[in-house]
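What follows is each chain in one-letter form.
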Amino acid sequence: MITCLIVDDEPFAREQLADLLKPLADVEVIAQAGNAIEAMQCINREKPQLVFLDIQMPKISGMELIAMLDPEQMPRIVFVTAFDEFALKAFEHNAFDYLLKPIDEQRLTQTLNKVRKDLRPQAMAAITPSQLEHLPCYSGSKLKVIATKEVEYVFSDLSGIHVASSKGKAHTQLTLKLLEEKTPLVRCHRQYLLSPGAIAEIEILDTGAEATMHSGDRVPVSRRYLKSLKTLLGFQ
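Reading guide: rules and limits
- Residues numbered from 1 in each chain as written.
- Predicted model: local features only at pLDDT ≥ 70, side-chain atom pairs only at ≥ 80, totals over all residues.
- Heavy atoms only, no water.
- Helix = DSSP H or I, 4+ residues; strand = E, 2+ residues; numbered from the N terminus.
- Buried < 20%, exposed > 50% of the residue type's maximum accessible area, 1.4 Å probe, protein only.
- Contact = heavy atoms within 4.5 Å.
- Areas by Shrake-Rupley, 256 points an atom, 1.4 Å probe, with all protein chains shown as cover.
- Lys, Arg positive; Asp, Glu negative; His and termini not counted.
- Charge placed at Lys NZ, Arg CZ, Asp CG, Glu CD.
- Pairing = 2+ DSSP bridges.
- Axes fitted to C-alpha atoms, helices over the stretch in contact; angles between N-to-C directions.
- Arc of directions from axis to C-beta.
- Disulfide = S-S within 2.5 Å.
- Phe/Tyr/Trp six-rings, centres within 6.5 Å; stacked < 30°, edge-to-face > 60°.

Moving on: the overall build of the protein. A count of helices and strands for the protein gives seven helices and 15 strands. Dimensions of the protein, computed from C-alpha atoms along their principal axes, come out at roughly 65 × 35 × 30 Å. Looking at the protein as a whole, 46% of its 236 residues qualify as buried. Summarising the internal contacts of the protein: among those between residues at least 6 apart in sequence, 58% fall at separations of at least 24. Entry remark: accessible area of the protein is about 12700 Å², with carbon and sulfur atoms responsible for 51%. Of the side chains in the protein, 27 bear a positive and 31 a negative charge, and the two mean positions are spaced by 5 Å.

Written out as structure tokens, the structure reads:
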């Protein structure tokens, strides 16, 4: 049984694809998501083998979503797109699976036959952004999209990963490792990343240092990262 997730911001498009998959005995639609934040939560929780992913979604695109996923736990991706045939050349050149809207049942069958033969995920680096412009977050029952440039710092504790920005604090399912690799945030502590441009001052302490952000929040800076941070800020 191939477990799959359908990700599309258009409810009708999700239902149309779900209806096409419903008669197939070896394919089970375990969930649907209307945006990238819901999709990421579902992928981390349910771990589907296959994801039908709309490319053009508001706030966070399908491509950005892929860039946020852990490569070691990446499901097989089938892109669903309204791009014209010329734009699809890039997908064909890289041998990515894709479906053109409106979905043709015969084309879906061909794609699923390819997936049945090989469920291993493909490398996505050729088409996904190297830097994230938005971070998918949540606060209570509210889903939030925070621009990376608005983030002051990020930290981890026992309750998860927290994003502090000019709009307050929120949670994210992105890891500190991924955020360090794909955003301008820099490591200042084992549990903290910060934006150099958001630092108001740094106070040197016996145990390391402490950065005061423009918001007034104080962020620990360990000795291990103090020198590189001072160099980055232009201090000798």
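Its place among the elements puts leucine 112 in helix 5 (residues 105-117). For the pair leucine 112 and valine 219, spaced 107 residues apart in sequence, the C-alpha separation works out to 49 Å. Beyond its immediate sequence surroundings of up to four residues, leucine 112 is in contact with Leu21, Leu24, Val27, Leu50 and Phe52.

Our next topic: the sheet that holds strand 8 (residues 151-157). The strand order across the open sheet formed by seven strands is 7-6-10-9-8-12-11, and the pairing between neighbours is antiparallel. Edge positions in the open sheet fall to strand 7 (142-147) and strand 11 (186-189), since each of these has one partner strand only. Here the strands of the sheet are splayed against their neighbours by 35° on average, with no regard to which way each runs. With two bridges connecting them, strand 6 (residues 134-139) and strand 10 (residues 168-172) associate as antiparallel partners. Counterpart to tyrosine 138 in the pairing with strand 10 is histidine 171.

With that out of the way, let us pick up the sheet that holds strand 14 (residues 208-213). The three strands are arranged 13-14-15 in an open sheet whose pairing can be described as antiparallel. Two strands close off the open sheet at either side, each with one partner strand: strand 13 (199-205) and strand 15 (218-222). Averaged over all adjacent pairs, the angle separating strand axes in this sheet is 25°, with direction ignored. Here six bridges tie strand 13 to strand 14, and the two strands are oriented antiparallel to one another. Looking across to strand 14, one finds that isoleucine 202 is bridged to alanine 211. The sheet strands contacting helix 7 (residues 223-232) are strand 13, strand 14 and strand 15, and the helix crosses strand 15 at an angle near 100°.

Further remarks concern helix 1 (residues 11-21). Residues of helix 1 that are buried include every one of Ala13, Arg14, Leu17, Ala18 and Leu21, and no others. With its buried residues spanning 130° around the axis, helix 1 presents them on a single face. Summarising the geometry of helix 1, the exposed residues directed more than 90 degrees from the buried face are Pro11, Phe12 and Asp19. Buried residues in helix 1 make contact with strand 1 (2-7), strand 2 (27-33), strand 3 (50-54) and helix 5.

Before going further, it helps to examine the state of the cysteines. Enumeration according to the criterion identifies zero disulfides in this entry. The structure places no disulfide on cysteine 137, whose sulfur is separated from the nearest cysteine sulfur, that of cysteine 188, by 18 Å.

Next up on the list: the packing of aromatic side chains. With the rule as written, the count across this model stands at three aromatic pairs. With a centroid separation of 5.4 Å and 20° between ring planes, the pair formed by phenylalanine 155 and tyrosine 192 is classed as stacked. With phenylalanine 155 in strand 8 and tyrosine 192 in strand 12 (residues 192-194), this residue pair connects regions lying 37 residues apart in the sequence. This pair shows no difference in class: phenylalanine 155 is buried, exactly as tyrosine 192 is.

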